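The primary structure of each chain is shown beneath.
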Amino acid sequence: MRASINTDIQEAARYLRKGEVIAIPTETVYGLAGNALDTQAVSRIFEVKNRPTFNPLIVHSYGLEGIRKFVSQLPQQIEDLADAFWPGPLTLLLPKREIIPDLVTAQNDRVAVRVPQHPLTLELLASLDFPLAAPSANPFGYISPTTAEHVMQQLGVKIPYILDGGPAQVGVESTIIGWEKDHTFKVYRLGGLSLEQIEEVVGPVAPRSAPSGSVKASGMLKSHYAPGADLFLGHIERLWEEKGGARTAVLNYRHQRPHIPFDQQYVLTPSGNMKEAAQRLFALMREIDKQDYDTILTEPVPNVGLGRAINDRLEKAQAQFKGSLYKEEASSEIVD
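I will try to describe carefully the structure that is included in this document. On a predicted model such as this, the values are computed, not experimentally measured, just so you know.

Parameters at a glance
- Residues numbered from 1 in each chain as written.
- Predicted model: local features only at pLDDT ≥ 70, side-chain atom pairs only at ≥ 80, totals over all residues.
- Heavy atoms only, no water.
- Helix = DSSP H or I, 4+ residues; strand = E, 2+ residues; numbered from the N terminus.
- Buried < 20%, exposed > 50% of the residue type's maximum accessible area, 1.4 Å probe, protein only.
- Contact = heavy atoms within 4.5 Å.
- Arc of directions from axis to C-beta.
- Polar contact = N/O pair within 3.5 Å; in protein donor to acceptor, adjacent residues only side chain to side chain.
- Pairing = 2+ DSSP bridges.
- Phe/Tyr/Trp six-rings, centres within 6.5 Å; stacked < 30°, edge-to-face > 60°.
- Lys NZ or Arg CZ within 6 Å of the ring centre and 35° of its normal.
- Axes fitted to C-alpha atoms, helices over the stretch in contact; angles between N-to-C directions.
- Salt bridge = Lys/Arg side-chain N within 4 Å of Asp/Glu carboxyl O.
- Parallel < 35°, antiparallel > 145°, perpendicular 65-115°, else oblique.
- Left-handed = near helix turned anticlockwise from the far one by under 90°.
- Nonpolar A, V, L, I, M, F, W, Y, C, P; charged D, E, K, R; others polar.

## Here's the deal with the environment of G234
- Within the element layout of this structure, G234 appears in the loop between β12 (230–233) and α9 (236–243).
- Since its relative accessible area comes to 23%, G234 is described here as partly exposed.
- Along the primary structure G234 and P300 are separated by 66 residues, whereas in three dimensions their C-alpha atoms are 6.7 Å apart.
- G234 has contacts with L239, T298, E299 and P300, leaving out every residue within four places of it along the chain.

## Remarks on helix α2 (residues 39–49)
- When we look at burial in α2, the residues that qualify are A41, V42, I45, F46, V48 and K49. Across the axial projection of α2, the buried residues extend over an arc of 170°, all falling on one side. Away from its buried face by more than 90 degrees, α2 exposes Q40 and E47.
- On its buried side, α2 packs onto β3 (31–35), α5 (102–105), β7 (132–133) and α7 (148–155).
- Where α2 begins, the side chain of D38 points an oxygen toward the backbone nitrogen of Q40, at a separation of 2.9 Å.
- Downstream of α2 by one or two residues, N50 has phi in the positive range, about 60°.

## Focus: the pairing of strand β9 (residues 175–179)
- Among the five residues that make up β9, five are buried, leaving the element largely enclosed by the rest of the structure.
- Covered by surrounding structure in β9 are T175, I177 and W179 together with I176 and G178, the residues of both alternating faces.
- Note: strand β5 (residues 90–95) against β9, four bridges, orientation parallel. Within the sheet, the bridge partner assigned to L92 lies in β9 and is I177.

## Comments concerning the packing of aromatic side chains
- With the rule as written, the count across this model stands at two aromatic pairs.
- Positioned above the aromatic ring of F232 is the side chain of K243, whose terminal nitrogen or guanidinium carbon lies 4.1 Å from the ring centre.

## A short note on the environment of L306
- Assignment of secondary structure puts L306 in helix α11 (residues 306–316).
- Spatially, the C-alpha atoms of L306 and L193 are 7.0 Å apart, while their sequence positions differ by 113 residues.
- When neighbours within four sequence positions are excluded, L306 is seen to be in contact with G191, G192, L193, S194, M274, K275 and A278.

## Examining the side chain of D312
- As for its placement among the helices and strands, D312 is situated in helix α11.
- By relative accessible area, D312 is classed as buried at 2%.
- The contacts of D312, once residues within four sequence positions are left out, are L190, R208 and Y225.

## Section: the sheet that holds strand β13 (residues 248–252)
- Read across the sheet, four strands follow the order β12-β15-β13-β14 without closing on themselves; strand pairing throughout is parallel. Two strands close off the open sheet at either side, each with one partner strand: β12 and β14 (265–267). For this sheet, the mean inter-axis angle between neighbouring strands, taken without regard to orientation, is 20°.
- Of the strand pairs in this sheet, β12 and strand β15 (residues 295–298) are connected by four bridges, and their pairing is parallel.

## With respect to the pattern of salt bridges
- The tally for this structure, following the rule as stated, stands at 15 salt bridges.
- Two residues, E65 and R68, come together in a salt bridge whose shortest N-O distance is 3.0 Å.
- With a relative accessible area of 29%, R68 lands in the partly exposed category.
- In this structure, R257 engages E299 in a salt bridge whose closest nitrogen and oxygen atoms are separated by 3.0 Å. Here E299 lies in the loop between β15 and α11 and R257 lies in the loop between β13 and β14, a separation of 42 residues in the sequence. The pair R257 / E299 is uniform in exposure class, with both members buried.
- In the salt-bridge network here, residues are joined through shared partners; they are E173, D312, R313 and K316.

## Describing the packing of helix α10 (residues 274–290) against α11
- Running from amino to carboxyl end, α10 crosses α11 at an angle of 25°, the nearest separation of the two axes being 9 Å. As far as their axial angle goes, α11 and α10 are roughly parallel. For the crossing formed where α10 meets α11, the hand is left-handed. Here M274, K275, A277, A278, L281 and F282 of α10 come into contact with α11, specifically with L306, G307, I310, R313 and L314.
- Here the contact of α10 with α11 is composed, by residue class, of eight nonpolar, one polar and two charged.

## Thoughts on the packing of helix α4 (residues 76–85) against helix α8 (residues 195–202)
- Orientation of α4 relative to α8, taken along the N-to-C sense of each, is 130°, at an axis distance of 9 Å. With respect to each other, α4 and α8 are oriented oblique. The two elements α4 and α8 meet at a crossing, and its hand is right-handed. Facing α4, whose interface residues are Q77, D80, L81, A84 and F85, α8 presents Q197, I198, V201 and V202.

Here is the structure:
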């Protein structure tokens, strides 16, 4: 049996109330959703994704009032962030209430929460009496899906329903910010909301550190978002001299290279628009992967605003990190 794709919110809700796992749209990427308070449904999410249980999930709700039921602290700065950016591509890592199962948080005492900015999913969440745990709707470690068809191609035989909300408008996952014990903020994952925007509201945010100890949020593993082909990030001309050939694709930031066959080249954003680049990133990586190339060569984008999140995804997709997905169990505090 293959999943049905539809826009029927009531049908989606029926599956979720029965403990099923389905795909839902958000503004960032499509999520694989189940009742966050039902450990069997949460276990099914991990099973469908083939995701290690040391890697925690994000809990989605319809608004700040819904989030209050699941976190034990909501200081004023958090409410300021919520007022500024929810619904939107911001996830907050906050002290959890006992109602949230340990399986959702990988035994951590904080839970990642957000309010997605998609009308269908917000309506769905408001119709339910439970929140949804929803990592990206793709096999663990692979490129995140930005359309319903992407989900169908990879998980369509494992789930009953895909709520179709059209192409994702942001294209990369949410930014994850943690509220620390010393009442400061720390970045756990770069994403669809720039640090500059966040810092305008709450002041300086501490940078990410290398993973150590438990994985506290999605996206912290070294290897993630990877295509089937080996991807190399760096200076494209030098990489082409070393690895170029008939089975090599090139993903450029803005311009094609005249000395590389044009039919082997793809461009993220000819205009240099970083929002467009983020929106197109995963879809282009999937398109290239479908052409059965052995190798993908790509380059960093300007490391400002959304460019930081794009570069983060490209770094994690690199060939040298493949095979490390399950070697970081000792390093587990993440949300996807």
